[in-house]
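Observations on chain architecture
Chain residues, written in single-letter form:
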Amino acid sequence: MALVIANNVCGTPSAATQVAGGTEGLTIAINGAAAQPILRVEGLTFRQGGVLLILRRPNGGGPVTELRYDTGTARSILARS
């Protein structure tokens, strides 16, 4: 399964980021580049270069319901509905 995050600047698409999980763990691909492994910082926090991904679970248990995506200049919070 993959998650695609599209960043917009003033309504114009500026970047697309794809996060996917596989047998090797999580990977990230930015603007169609080859997927790169995401390094685990701790718990459900991962980093690839300047991009920080934080997965959150309600009350610390159960399935992940939120992804926080932080590039240092832009932040997105994606929640499962």
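Everything numeric here is computed off the predicted structure, so don't read it as measured data. (Residues numbered from 1 in each chain as written. Predicted model: local features only at pLDDT ≥ 70, side-chain atom pairs only at ≥ 80, totals over all residues. Heavy atoms only, no water.)

**Here we look at the confidence of the model for the protein**
Predicted confidence across the protein gives a mean pLDDT of 78, with 80% of residues reaching 70 or more. Model confidence for the protein, summarised as mean pLDDT per element, is weakest for strand β1 (residues 2-9) at 58 and strongest for strand β5 (residues 39-42) at 92. (pLDDT = per-residue confidence, 0-100. Helix = DSSP H or I, 4+ residues; strand = E, 2+ residues; numbered from the N terminus.)

**A closer look at the sheet that holds β5**
One open sheet holds the 5 strands; their spatial order is β5-β6-β7-β8-β9, and the pairing between them is antiparallel. The strands lining the two open edges of the sheet, one partner per strand, are β5 and β9 (75-79). Adjacent strand axes in the sheet meet at a mean angle of 20°, parallel and antiparallel pairs treated alike. (Pairing = 2+ DSSP bridges. Axes fitted to C-alpha atoms, helices over the stretch in contact; angles between N-to-C directions.)

**A closer look at the nonpolar core**
Formed by V19, I28, I38, F46, V51, L53, L67 and Y69, the largest nonpolar core amounts to 8 residues. Secondary-structure elements contributing two or more residues to this core are β7 (51-56) and β8 (66-70). With sequence-adjacent residues up to four places away left out, F46 is seen in contact with L26, I38, L39, R40, V41, V51, L52, L53 and L55. (Core = buried A, V, L, I, M, F, W, Y, C linked by side-chain atoms within 4.5 Å. Buried < 20%, exposed > 50% of the residue type's maximum accessible area, 1.4 Å probe, protein only. Contact = heavy atoms within 4.5 Å.)

**Here's the deal with the pattern of salt bridges**
Side chains that carry opposite charge are capable of pairing whenever their charged atoms lie near each other. Counted according to the given criterion, the structure contains 3 salt bridges. We note a salt bridge from R56 to E66, for which the minimum N-O separation is 4.0 Å. Separated by 10 residues along the polypeptide, R56 in strand β7 and E66 in strand β8 bring together distant segments of the chain. Residue classification places R56 among the partly exposed positions, given a relative accessible area of 38%. One salt bridge in this structure joins D70 and R75, with 3.1 Å as the shortest N-O distance. Salt bridges here are not isolated pairs; linked through shared partners, they connect R56, E66 and R68. (Salt bridge = Lys/Arg side-chain N within 4 Å of Asp/Glu carboxyl O.)

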